[in-house]
Amino acid sequence: MSDAAHDRTGPVLAVFAHPDDAEICAGGTLASMAAAGREVHLLVLTNGDRGSQDPAMSRAELAAIRLGETQAAGELLGLASVRVLSTHDGDLQNTPEVREAVVRRIREVRAETVLSCDPTSVFFENRYYNHSDHRMAGWVALDSAFPGSGNPHFYSEHLGEGLGVQEVQSIWLGWTNEPNHTHDITGFFATKVAALAKHDSQLSEGIRFFEEFLGEDATRAGATVGVEHAEEFRVLELS
């Protein structure tokens with residue numbers, strides 16, 4: 001991996017499926033990028049309205065709760081903006097309509113880097129297989145970054161609104177089985193956990209469970225490059 005992964009300074013757009021995905025997958029990285037002076041934005045593709053095991057919970061009420069949690073977490077991470085789409089949890093598809101929203105946001109924030117999750121990672125050991133929304137979010141992010149946002153013939157109506165095409169220069173994919181970049185988040189792990197704790201509606205097992213689980217993973221990743229905590233990514237340098 002070249003030093004380009006460290007040298008980028010332009011805006012970042014994180015694209016994830018659910019309101020708490022960014023914190024779990026890349027919270028330390030997003031916080032560290034923001035602290036380093038990069039303009040970091042978050043686009044959540046579903047409203048999280050099925051994120052409850054309580055059959056009496058109103059889905060509309062849950063979506064409103066999760067929007068507030070996402071905004072609070074984003075503020076703690078130091079994000080420049082947070083936007084949540086109205087797509088229902090579990091219904092995410094890689095459609096032209098969804099890609100339009102992502103391409104629009106890439107062009108609006110002039111994203112140099114798009115950060116999402118690796119859609120090719122389906123099975124994790126023998127314990128878990130990846131949520132369909134997670135996989136779909138990764139494909140949406142990739143297809144929106146290329147060829148979408150840099151080509152004037154994709155969503156050309158944007159140009160009439162004053163938005164210019166935007167060439168994404170790098171893609172960072174977390175939750176990957178093929179990492180090629182380990183990002184030092186030493187000093188930002190506590191921020192990651194504190195941001196995740198803002199998603200109180202999702203913490204039936206308490207934040208301590210996630211702190212321990214994510215801490216073990218961050219410590220393991222950090223040990224591979226000689227730092228305290230890290231997050232792993234498959235990074236694609238497009239230019």
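Please refer to the structure placed before this passage.
Here's a quick rundown of the structure. (Residues numbered from 1 in each chain as written. Predicted model: local features only at pLDDT ≥ 70, side-chain atom pairs only at ≥ 80, totals over all residues. Heavy atoms only, no water.)

## Regarding the overall build of the protein
Then step 1. Looking only at helices and strands, the protein features 8 helices and 9 strands.
Then step 2. The C-alpha radius of gyration of the protein comes to 17 Å, within 12% of the 18 Å expected for a compact globule of 239 residues.
Then step 3. Along the first, second and third principal axes, the C-alpha atoms of the protein reach 50 × 50 × 35 Å.
Then step 4. For the protein, the proportion of its 239 residues judged to be buried stands at 51%.
Then step 5. For the protein, the proportion of contacts with a sequence separation of at least 24, taken over those separated by at least 6, is 80%.
Then step 6. Once the 18 positive and 36 negative side-chain charges of the protein are each reduced to a mean point, those two points are 4 Å apart. (Helix = DSSP H or I, 4+ residues; strand = E, 2+ residues; numbered from the N terminus. Rg over C-alpha atoms; globule rule 2.2 N^0.38 Å. Buried < 20%, exposed > 50% of the residue type's maximum accessible area, 1.4 Å probe, protein only. Contact = heavy atoms within 4.5 Å. Lys, Arg positive; Asp, Glu negative; His and termini not counted. Charge placed at Lys NZ, Arg CZ, Asp CG, Glu CD.)

## Describing unusual backbone geometry
Then step 1. Residue Pro147 is reached from Phe146 by a cis peptide bond, and omega for that bond is 5°.
Then step 2. Looking at where Pro147 falls in the secondary structure, it is placed in helix H5 (residues 132-148).
Then step 3. At Tyr155, a residue that is not glycine, the phi angle is positive and equals roughly 55°.
Then step 4. Relative to the helices and strands, Tyr155 resides in the loop between H5 and helix H6 (157-160).
Then step 5. Overall, Tyr155 belongs to the buried group, its relative accessible area being 16%.

## Looking at the packing of helix H3 (residues 59-77) against helix H7 (residues 189-197)
Then step 1. Packing of H3 against H7 leaves a shortest axis separation of 8 Å and a crossing angle of 165°. Between H3 and H7, the interaxial angle falls into the category roughly antiparallel. In terms of crossing hand, the pair formed by H3 and H7 is right-handed. Residue-level contacts link Ala73, Leu76 and Leu77 of H3 to Thr191, Ala194 and Ala195 of H7.
Then step 2. Broken down by class, the residue content of the contact of H3 with H7 amounts to 5 nonpolar, 1 polar and no charged. (Axes fitted to C-alpha atoms, helices over the stretch in contact; angles between N-to-C directions. Parallel < 35°, antiparallel > 145°, perpendicular 65-115°, else oblique. Left-handed = near helix turned anticlockwise from the far one by under 90°. Nonpolar A, V, L, I, M, F, W, Y, C, P; charged D, E, K, R; others polar.)

## Description of the packing of aromatic side chains
Then step 1. This structure, assessed with the given rule, holds 2 aromatic pairs.
Then step 2. Between Phe16 and Trp175 the ring centres are 6.3 Å apart and the planes differ by 80°, which places this aromatic pair in the edge-to-face class. One end of the pair, Phe16, is in strand S1 (residues 12-16); the other, Trp175, is in the loop between strand S7 (170-174) and strand S8 (181-184), and 159 residues separate them in sequence. (Phe/Tyr/Trp six-rings, centres within 6.5 Å; stacked < 30°, edge-to-face > 60°.)

## Observations regarding the side chain of Asp89
Then step 1. Along the chain, Asp89 falls in the loop between strand S3 (81-84) and helix H4 (96-109).
Then step 2. Here Asp89 is buried and forms no salt bridge, its nearest opposite-charge partner Arg66 lying at an N-O distance of 4.1 Å.
Then step 3. Reaching out from Asp89, the side chain makes a polar contact with the side chain of His18 at a distance of 3.2 Å.
Then step 4. When neighbours within four sequence positions are excluded, Asp89 is seen to be in contact with His18, Thr46, Asn47, Gly48, Asp49, Arg50, Gly51, Arg66, His131 and Asp133. (Salt bridge = Lys/Arg side-chain N within 4 Å of Asp/Glu carboxyl O. Polar contact = N/O pair within 3.5 Å; in protein donor to acceptor, adjacent residues only side chain to side chain.)

## Structural notes on the pattern of salt bridges
Note on pairing: side chains with opposite charge can pair once their charged atoms come close.
Then step 1. For the structure shown, the criterion picks out 15 salt bridges.
Then step 2. For Glu125, the salt bridge is made with Arg127, and the minimal N-O distance between the two is 2.9 Å.
Then step 3. Accessibility expressed as a relative area gives 62% for Glu125, which makes it exposed.
Then step 4. A salt bridge links Arg220 to Glu232, with the shortest nitrogen-to-oxygen separation between them at 2.9 Å. Placement of Arg220 in helix H8 (residues 207-223) and of Glu232 in strand S9 (residues 230-237) is noted, with a sequence separation of 12 residues between them.
Then step 5. What makes Glu232 partly exposed here is its relative accessible area of 22%.
Then step 6. One continuous salt-bridge network, built from bridges that share partners, spans Arg83, Arg105 and Glu108.

## Quick notes on H4
Then step 1. Taking 1.5 Å as the rise per residue, H4 with 14 residues should run 20 Å; its terminal C-alpha atoms sit 20 Å apart, in good agreement.
Then step 2. Within H4, 10 of the 14 residues are buried, leaving the element largely enclosed by the surrounding structure.
Then step 3. What H4 keeps buried is the set Val98, Arg99, Glu100, Ala101, Val102, Val103, Arg105, Ile106, Arg107 and Val109.
Then step 4. Buried residues in H4 make contact with S1, strand S2 (40-44), S3, strand S4 (113-117), H5 and H6.
Then step 5. Directly after H4, the chain includes Arg110, whose backbone phi takes a positive value near 60°. (Expected span 1.5 Å × (residues − 1).)

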